[in-house]
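Okay, here's what each chain looks like letter by letter:
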Amino acid sequence: MKPKLAIFTKFCDELLPLEIHYLSGVLKREDAQLNAIFEKILREADKETRLYGFDERVDKRKYSFLKIHLSRLLEQADVDHFLTRIQYFDARVQSDNITQDDEKELMKMMASISNRHYHFMRFFELMLHFRQYLLIRIRIQPYEEVNKWIENYGNAYANSIERFKSLHQFTRHIIDEYTSQEVVTKEEENALLSIFDSEELDGLTRYAAAVRLWFLFMNKGDYPSMKQLIAKASAMIVSNGYMGRRLLVNFYANCLLLHSKTGELDKLDVPRIDSPD
């Protein structure tokens with residue numbers, strides 16, 4: 001016989017710790033029973049073996065609702081899902097196949113996107129195409145709104161593009177150090193740290209800098225610095241809502257690599273992670 005709440009328990013077991021901590025910050029706590037259920041999930045978030053102790057007397061519809069709601073919140077914050085939407089709208093705009101509903105959704109998205117968004121650069125480029133689309137059709141009011149947004153974030157976009165492009169040269173030097181023992185300078189390391197630490201940059205650029213720094217620290221055997229950066233990256237991911245299984249699996253893979261190098265695998269309290277589809 002299948003245990004009661006088996007489906008909901010399985011769903012909770014598959015949530016990653018960072019997903020749970022993110023949900024803790026965005027979930028509305030208006031329903032006392034739903035809040036009590038989620039608090040049990042949060043309490044077990046960082047444990048390898050989770051024992052929730054869910055109250056089986058609570059209406060099962062509460063559990064079903066919470067499962068759907070949490071899944072929806074994670075999907076809304078999924079950076080890869082958002083990139084897919086950008087690509088969809090860009091194809092629509094450039095093929096003159098955009099609908100009124102598409103336009104409304106784009107305008108709504110624009111109102112919520114800042115230079116800290118993970119895919120800010122790609123969204124900015126979509127807005128450039130959308131602005132041209134609106135102007136040539138003499139859609140003055142929406143054009144003015146889009147144009148104002150572009151002008152507001154133009155410097156931030158230029159800054160992100162410059163920093164992202166600079167990562168290529170840093171990467172070459174890091175790989176050269178790995179293959180030929182050439183030394184990456186302290187100035188280059190500090191430049192990468194500056195990119196990662198900048199809260200004015202988009203998430204993609206900051207996370208890309210972190211990945212290169214982890215590679216660099218691993219090359220040097222500087223595990224304390226890698227551990228410190230992982231802690232900072234964890235906070236960045238949660239506070240900015242950079243969700244998505246591909247990104248999080250990559251993050252936990254770096255955590256696993258660090259713990260394997262330091263002999264602390266038993267301290268890595270992460271549930272089983274399946275590869276993203």
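Whatever comes next refers back to the structure up there.
Predicted, not measured: the structure shown is a model, and the values here were computed from it. (Residues numbered from 1 in each chain as written. Predicted model: local features only at pLDDT ≥ 70, side-chain atom pairs only at ≥ 80, totals over all residues. Heavy atoms only, no water.)

1. As for the layout of surface pockets
Considered as a void within the structure, the largest pocket measures approximately 710 Å³ in volume. Lining the largest pocket are 24 residues, and of these Q76, F82, S112, I113 and H117 lie nearest its centre. Where the lining of the largest pocket is concerned, the elements lending two or more residues are α2 (17-26), α4 (60-76), α5 (79-94) and α6 (100-112). The residue inventory of the lining of the largest pocket, partitioned by class, reads 10 nonpolar, seven polar and seven charged. (1 Å grid on protein atoms, 1.4 Å probe; cavity = no way out; pocket = protein on both sides within 12 Å on 5 of 7 lines; lining within 4 Å. Points joined across faces, edges and corners; volume = space filled by probe spheres on them. Helix = DSSP H or I, 4+ residues; strand = E, 2+ residues; numbered from the N terminus. Nonpolar A, V, L, I, M, F, W, Y, C, P; charged D, E, K, R; others polar.)

2. A short note on the packing of aromatic side chains
Aromatic rings in a pair are described by how distant their centres are and how their planes are angled relative to each other. For the coordinates displayed, the defined rule picks out 19 aromatic pairs. Arranged with centres 4.8 Å apart and planes meeting at 10°, the rings of Y52 and F54 form a pair that is stacked. Accessibility expressed as a relative area gives 5% for Y52, which makes it buried. Looking at F54, the relative accessible area reads 13%, which means it is buried. Relative to W149, the ring of F120 has its centre 6.2 Å away and its plane inclined at 55°; by these criteria the two rings are tilted. Here F120, found in helix α7 (residues 120-136), pairs with W149, found in helix α8 (residues 140-180); they are 29 residues apart in sequence, far enough to count as distant. Note on F120: relative accessible area 0%, which makes it buried. Taken together, the ring pairs in this structure connect F82, F120, F123, F124, W149, Y153 and Y157 into an aromatic cluster. The ring centre of F196 lies 5.5 Å from the NZ or CZ of R206, which sits over that ring. (Phe/Tyr/Trp six-rings, centres within 6.5 Å; stacked < 30°, edge-to-face > 60°. Buried < 20%, exposed > 50% of the residue type's maximum accessible area, 1.4 Å probe, protein only. Lys NZ or Arg CZ within 6 Å of the ring centre and 35° of its normal.)

3. With respect to α4
A rise of 1.5 Å per residue sets the reference length of α4, with its 17 residues, at 24 Å; its end C-alpha atoms lie 25 Å apart and thus fit the reference within 8%. Every buried residue belonging to α4 is among Y63, L66, L70, L73 and L74, and all of these are buried. Take α4 and look down its axis: the buried residues cluster within an arc of 95°, on one side only. In α4, the exposed residues that point more than 90 degrees away from the buried face are K60, R61 and Q76. Those residues of α4 hidden inside the fold are in contact with α1 (6-14), α2 and α3 (32-43). (Expected span 1.5 Å × (residues − 1). Arc of directions from axis to C-beta. Contact = heavy atoms within 4.5 Å.)

4. Observations concerning unusual backbone geometry
In this structure, D96 takes a positive phi of about 55° despite not being glycine. Along the chain, D96 turns up in the loop between α5 and α6. Overall, the relative accessible area of 52% leaves D96 in the exposed class. One non-glycine residue, I138, lies in the positive phi region at around 55°. Looking at where I138 falls in the secondary structure, it is placed in the loop between α7 and α8.

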